[in-house]
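# Survey of secondary and tertiary structure
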Amino acid sequence: MFYFRLAATNIRAHKRIFVPFLLAMTLLMIMNVVMLSVHADASAIFADNSLGVQAATTEMFKYGSEVMIIFAVILAWYANGFLLKQRTKQLALYSIIGFGKRELRLMVTAELTICAAISIVCGAVFGAAFARLSYLALGKMLGVPGKIHFGIDPGPILLAAGIIALIFVLLVLLDANWLRKHRPLAMLQAVSAGEREPKTRWLLLIVGVISLVAGYAAAIGITNPLGALQWFFIAVVLVIIGTYALFIAGSVFIYKRLRQNKRYYYQPAHFINVANMIHRMRQNGAGLASITILATMTLVTIATTITLYLGVPQIVNTSNPADFQYLRQTTADKNANTKITPAQNKARVATIAAKHHVTIQKRTVTVISTSLPVNMGVNHVRLASDKDYAGVFGPSHEVTNTDIMTLANYNRMTGKHVTLTDDGILLGTTRNLNRTKLVFGHHVMQVQGRDDMPYTTNLSATGNALIVFKDDATITKMAHALSPKLGKTEMAAMLSNAQTSVYLKLKGKPANQIAMANEVQKTKLGALQVQSAAKSRKQVLRWMSAFLFLGILIGIMFILATALILYYKQVAEGLADAKRYKILQQVGLSKREVRATINSQLLTLFYIPLIVAGVHTAIAAPFIQRVLTLFGIFNWGQFAVITAATLGVFALVYVLMYKATAQVYYRIVR
Amino acid sequence: MSTILELSNVAKTYHTRFNANAVHALTDISLSVEAGEYVAIMGESGSGKSTLLNLIAALDKPTAGSINLNGTELQTIPESKSAKFRREHLGFVFQDFNLLDTFNVFDNIVLPLVLSKTPVPEMEKRVAALAPQLGLDDKLAKFPYELSGGQQQRVAAARALITKPELLLADEPTGALDSRTADELLKLFSELNATGQTILMVTHSAVAASHAQRVLFIRDGQLFHQLYRGDLTQDEMLVRISDTMTAMLAKQGDGNTANATKGAI
């Protein structure tokens, strides 16, 4: 009990160093609560989506919360180290008045226990409140599904408390080890004796370079976004390790190189900075690396979720080229087991539309003989192979999902009266492939006209094409040329299985269109796979709102953490630099020069994390874009612009946080 | 001999922020230092000697009177130029060395030269000339934490001398040294003086002061007495200094009353 009372006195007496520590640990608790809540409730937040989506997001946030735990350990370590360094004098004092190692250890343990209790309780309360409030405000605004306990689940809060408690146990062990290794009295002299110059840590440097290169290579090289999420996670971990190692070891290496360059080094602007940087990078490399990682995470999370949210129309358009569409199965289809005629189908859909106050503005019927993935090579057209899909930048440009249609069906669909010769075709592609002829085996077909499918889905990263042949006989011939092994019966079966789709252009309120779709689906009128753009827009919007909600939530967490580290760094560096600048002033550096030196040094420290975060984001961008194609967002430019804009806004926020925390620094140095 | 430093009727009054009462650190000081002289200023803590040094170093401005350093009136130097002036005309040695622990010995020595944008070959030439004189030629690559106190103080002296200052100012330079290293440093100062370096040293150590050619005593912000060494040996000088200090301490009581009266006026 004595030690607890002593510890409480200590914490109260040294508010200046304990408050930042408590703040840090509380924030870590908050972040873990939020992250684990997100993980636990991911399936509830995505309740409107398929089980696959729920499972995938749950998995994603599992990785997210693991990264958060790693981050918490690193930051706690850093904060604790800072605390110890600031307290060396105080601990030495205690040992002078007769505290042995055991007593010091008990006292420090009691302090950490009190800190643990405060930060866990405060963190749980604030974390739950923050999660709940943001859910109620932001979530409702974005239309995230209701009726979930987000933020007030006891499970994640208890888990987060457990994690933070374990981290505190780690800190107790670290402190005990520190006390075992150091005699506080000796430390007192060491503090005033100045620091040893850090050596270049070659092993760490090499490890850093290797992990960063490997991480970058993995991030660029993973071309299958769905199957390789765990590989991407490994890439993320490698990049994190690389960033830490390079910030700690690489910076010392670079600054030592700079110092060897006498013409560069012996200039007023560089002299003081380079020497200071060599020393301060050891202490601050880890802090800067943390800022970099957090900034990268913020950028990636927010840019991705904004892209998804803004991409809702694209996502809907790619899967729903028309307002309303269905596969028609009527007596017109040879294999169909139905008595409904095409005319009856048309009339009944029209009746249902009228009932729901929806006007059909245009109706298009397409009959596709077959659909094939082909590689439309300049020399030869061939069936697409696995190799065509596995390029570094996604599937090969020439891979298209090709709809094959007869001329008769084409003319019926368009109402035109086009004629073709025996070796003539009509070609339309979404890929700008300007072919004047296509070669199927030894058949050379002349392109006699161009036209696109009026409605094509664009679900995959491949292009779409329409080839119109003169008749079924020509189609059979070409199919045989593409795949000589196919037997006659299979070929016939394939061609007789022509699909008829009906596309409607509608006018009416989204809610009415959804009601109409639901009724068409329920009524037996020969309409299969009914798709309503209005309906899927509503679903997709909900899904992406959930993403955006989580993105903003986590982004705020990351920004808070960045602010915390910035604050810590400024306090730590201010204390370390105060004496240096006083000496410089006495030696003959004017106040203005001192201020300029500080600024230049702070700015270097300020820009590095931002630049590296930008590079990390740029490297991660291709992979993220590939993930985005899974959702139907193919617009690279849009993602790039949103990422750049996010970077801009983040840089602004960062500047503001920096300005605010730099005041802390100036106040200490002055 | 030409006069290098001339103080006439210098006074310095501090106003503390929460106290209406003014503190008279220096009341009326006039003195002059000739080129090549070695002058020690002695006084107890609080006698005003550090204030005097700060004024001469242009770190602070006097409330009244004028200070002329080698033809330049210090009051006429604007704030923005005072750092440059200090760098070019004055050398500083402090009690606690004030070396930068992030620099090695060479870099610590050339710091003022770098600030004045001296070319690298010139810096190297000057260090090569100066370092052997101070016994630092094999220590240039070392860092301050690797050196003893005496060595560190010699590095600080080298830093002060590298700009070839007209006046070397030393503020209790032996304060943090043991008697043997202190003795070495004082010997070094004498040698420097013998080569023509003007030195103004502030100290409360009678031994340190006994190395100087002239010793000024200040008390309560005023010059109390001065001693010329003339042909005396160092030991004889030490005795004279001790006597003067005894006399000064004996009159302490009178001084206090006098000061109090002045404060009232």
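Residues numbered from 1 in each chain as written. Chains lettered and ligands numbered in written order. Predicted model: local features only at pLDDT ≥ 70, side-chain atom pairs only at ≥ 80, totals over all residues. Heavy atoms only, no water.

### Some points on the overall build of chain A
Applied cut-off: Runs of E in the DSSP output that reach at least two residues are strands. Runs of H or I that reach at least four are helices, and both are numbered from the N terminus. We compute the radius of gyration from the C-alpha atoms alone; for a globule the expected value is 2.2 Å times N to the 0.38, where N is the number of residues. Here's how the labels work: a residue is buried when its accessible area is under 20% of the maximum for its type, exposed when over 50%, partly exposed in between, all with a 1.4 Å probe on protein chains only. Whether two residues touch is decided by their heavy atoms; if any such pair falls within 4.5 Å, the residues are in contact. We get accessible surface area from the Shrake-Rupley algorithm with a probe of 1.4 Å; when it comes to residues, only the shown protein chains can shield them. This count recognises Lys and Arg as positive and Asp and Glu as negative, with His and chain-terminal groups excluded. Charge placement uses NZ in Lys and CZ in Arg. For Asp and Glu, CG and CD serve respectively.
Looking only at helices and strands, one finds 20 helices and 11 strands in chain A. Relative to a compact globule of 670 residues, whose C-alpha radius of gyration would be 26 Å, chain A shows 33 Å and is clearly more extended. When the 670 residues of chain A are sorted by exposure, 52% land in the buried category. Considering only residue pairs separated by 6 or more positions, chain A has 79% of its internal contacts joining residues 24 or more positions apart. Roughly 30800 Å² of accessible area belongs to chain A as shown, and the carbon and sulfur atoms make up 64% of that amount. If the 67 positive side-chain charges of chain A are averaged to one point and the 27 negative ones to another, these points end up 11 Å apart.

### Here's the deal with the side chain of Gln325(A)
Residues and elements named next belong to chain A. Positionally, Gln325 belongs in strand S1 (residues 324-328). Residue class for Gln325 comes out buried when judged on its relative accessible area of 10%. Here Gln325 is in contact with Ser319, Asn320, Val502, Tyr503, Gln529, Val530 and Gln531, once residues within four sequence places are set aside.

### With respect to the nonpolar core
Heads up, the rule is: In these notes, a set of buried Ala, Val, Leu, Ile, Met, Phe, Trp, Tyr and Cys residues joined through side-chain atoms within 4.5 Å is what counts as a nonpolar core.
One finds Phe21(A), Phe189(B) and Ile241(B) to be the most contacted residues of the largest nonpolar core, which totals 209 residues. The greatest single-element share of this core, amounting to 24 residues, is contributed by helix H18 (residues 533-587) of chain A. Beyond its immediate sequence surroundings of up to four residues, Phe189(B) is in contact with Tyr38(B), Val93(B), Leu168(B), Ala170(B), Pro173(B), Ile199(B) and Met201(B). Formed by 30 residues, the second largest nonpolar core is a distinct cluster that contains Leu26(B), Leu31(B), Ala57(B) and Val202(B).

### Some thoughts on the confidence of the model for chain A
Spelled out, the test is: Looking at any residue, its pLDDT shows the predictor's confidence there, from 0 to 100.
For chain A, per-residue confidence averages 82 on the pLDDT scale, and 92% of positions sit at 70 or higher. Ranking the helices and strands of chain A by mean pLDDT puts helix H5 (residues 154-181) of chain A first, with 91, and helix H6 (residues 184-193) of chain A last, with 59.

### As for the interface of chain A and chain B
How big an interface is tends to be reported as the loss of accessible area on association of its parts. To keep things clear, this is the line we draw: By convention, the term buried area covers the 1.4 Å-probe accessible surface removed from two parts as they join, with the contributions of both added. Any carboxyl oxygen of Asp or Glu within 4 Å of a side-chain nitrogen of Lys or Arg constitutes a salt bridge here. Two N or O atoms form a polar contact when they lie within 3.5 Å of each other; inside protein one atom must be a possible hydrogen donor and the other a possible acceptor, and for residues adjacent in sequence the pair counts only when both atoms belong to side chains. Put simply, Ala, Val, Leu, Ile, Met, Phe, Trp, Tyr, Cys and Pro go in the nonpolar bin, Asp, Glu, Lys and Arg in the charged bin, and everything else, Gly too, in the polar bin.
With 28 residues of chain A in contact, the opposing surface of chain B contributes 26 residues. In total, about 2500 Å² of surface goes out of reach between chain A and chain B, with carbon and sulfur atoms giving 65% of it. The largest contributions to the chain A side of the interface with chain B come from Tyr266(A), Gln586(A) and Val587(A), which together make up 25% of the buried area. Counting across the interface, chain A meets chain B through 1 salt bridge. Across the pair Lys262(A) and Glu124(B) runs a salt bridge, and its minimum N-O distance is 2.6 Å. Summed over the shared surface of chain A and chain B, the number is 3 residue pairs in polar contact (both at pLDDT 80 or more). Where the side of chain A that touches chain B is concerned, the elements lending two or more residues are helix H9 (262-265), helix H10 (268-310), H18 and helix H19 (591-631) of chain A. Along the lines of polarity and charge, the residues of the side of chain A that touches chain B split into 11 nonpolar, 8 polar and 9 charged.

### Digging into the packing of H18(A) against helix H20 (residues 636-669) of chain A
Residue and element names in this part refer to chain A. To be explicit about the condition: An axis is simply a line fitted to the C-alpha atoms; with a helix, the fit covers only the stretch in contact. Between two such axes, the angle follows the N-to-C directions and lies from 0 to 180 degrees. Oblique is the label for every angle not falling under 35 degrees (roughly parallel), over 145 degrees (roughly antiparallel), or within 65 to 115 degrees (roughly perpendicular). By definition, any crossing whose near helix is turned counterclockwise from its far helix by less than a right angle is left-handed, and any crossing with a clockwise turn is right-handed.
Where H18 contacts H20, the two axes come as close as 8 Å, and the packing angle between them is 30°. Relative to H20, the element H18 lies roughly parallel. Between H18 and H20 lies a crossing whose hand is right-handed.

### A few points about the sheet that holds strand S10 (residues 499-507) of chain A
Note on sheets: strands pair through backbone hydrogen bonds, and any given pair is parallel or antiparallel. Residues and elements named next belong to chain A. Short version of the rule: Two strands form a pair only when DSSP identifies at least two bridges running between them.
Strands sit in the order S2-S10-S1-S11 across an open sheet of 4 strands; the sheet is antiparallel. Two strands close off the open sheet at either side, each with one partner strand: strand S2 (359-368) and strand S11 (527-532). Strand-to-strand twist in this sheet, taken as the mean axis angle between neighbours without regard to direction, amounts to 15°. Here helix H17 (residues 510-522) sits on the sheet and contacts S1, S10 and S11; the angle it forms with S11, its principal contact strand, is near 165°.

### Some remarks on a positive patch on the surface
As a reminder of what qualifies: Only residues whose relative accessible area exceeds 30% and that form no salt bridge enter a patch; like-charged residues are grouped when within 9 Å of one another, and nonpolar side chains (Val, Leu, Ile, Met, Phe, Trp, Tyr) when within 5 Å.
Taken together, Lys101(A), Arg180(A), Lys181(A) and Arg183(A) make up a surface patch of like positive charges. Along the polypeptide, Lys181(A) turns up in helix H5.

### Things to note about the packing of H17(A) against H18(A)
Residue and element names in this part refer to chain A. Interhelical geometry of H17 versus H18 gives an angle of 110° and a closest axis separation of 7 Å. Between H17 and H18, the angle falls in the class roughly perpendicular. Facing H17, whose interface residues are Pro510, Gln513, Ile514, Asn518 and Gln521, H18 presents Ala534, Lys535 and Lys538.

### Quick word on the pattern of salt bridges
In a structure, side chains of opposite charge can pair up when their charged atoms sit close to one another. Evaluated as defined, the whole model comprises 13 salt bridges over all chains. In this structure, Asp422(A) and Lys470(A) form a salt bridge, with 3.3 Å as the shortest nitrogen-oxygen distance. Residue Asp422(A) is located in the loop between helix H14 (407-414) and strand S6 (424-429), and its partner Lys470(A) is located in the loop between strand S9 (463-469) and helix H15 (472-482); the two are separated by 48 residues in the primary sequence. In this structure, the salt-bridge partner of Asp60(B) is Lys12(B), at a minimum N-O distance of 3.4 Å. Within this pair, whereas Asp60(B) is found in the loop between helix H1 (49-56) and strand S4 (64-69), its partner Lys12(B) is found in strand S1 (residues 3-15), the two being separated by 48 residues in sequence. By relative accessible area, Asp60(B) is classed as partly exposed at 25%. Accessibility expressed as a relative area gives 9% for Lys12(B), which makes it buried. One connected set of salt bridges, linked through shared partners, spans Glu122(B), Lys125(B) and Arg126(B).

### What to know about the pairing of S9(A)
All names here are of chain A. Within S9, 7 of the 7 residues are buried, leaving the element largely enclosed by the surrounding structure. Every second residue of S9 is oriented toward a common face, with Gly463, Ala465, Ile467 and Phe469 on one face and Asn464, Leu466 and Val468 on the other, all of them buried. Direction of pairing for strand S5 (residues 399-406) relative to S9: parallel, over a ladder of 7 bridges. Opposite Asn401, over in S9, you have Asn464 as the bridge partner. Sheet topology note: the S6/S9 ladder contains 4 bridges and is antiparallel. Among the inter-strand pairings, Thr429 is bridged to a residue of S9, identified as Ala465.

### As for the confidence of the model for chain B
All names here are of chain B. The pLDDT averaged across chain B works out to 83; a share of 92% of its residues lies at or above 70. Confidence drops under a pLDDT of 50 for residues 255-265, and excluding neighbours within four residues, the segment shows 6 contacts in the predicted structure. Our summary of model confidence lists the complex with pTM equal to 0.71 and ipTM equal to 0.75.

### Re the pairing of strand S6 (residues 90-93) of chain B
Residues and elements named next belong to chain B. Of the two faces of S6, both are covered, the one formed by Leu90 and Phe92 as well as the one formed by Gly91 and Val93. Relative to strand S7 (residues 167-171), S6 runs parallel, the two sharing 4 bridges. Paired with Leu90 across the strands is Leu167, a residue of S7.

### Some thoughts on the side chain of Thr646(A)
Of note, Thr646(A) is situated in helix H20. On the basis of relative accessible area, Thr646(A) is assigned to the buried category, the value being 10%.

### Considerations on the sheet that holds S5(A)
Residue and element names in this part refer to chain A. Spatial strand order, S4-S3-S5-S9-S6-S8-S7: 7 strands in an open sheet with mixed pairing. Of all strands in the sheet, those bounded by a partner on one side alone are strand S4 (381-383) and strand S7 (437-440). Between one strand axis and the next, the sheet turns through 40° on average, direction left out of account. Note that strand S3 (residues 370-376) and S4 share 3 bridges and pair antiparallel. Of the residues in S4, the one forming a bridge with Met376 is Val381. Along the sheet, H14 contacts S5, S6 and S9; its crossing angle with S5, the most-contacted strand, is approximately 90°. Along the sheet face, H15 touches S3, S4, S5, S7, strand S8 (443-450) and S9 and points at about 125° away from the line of S8.

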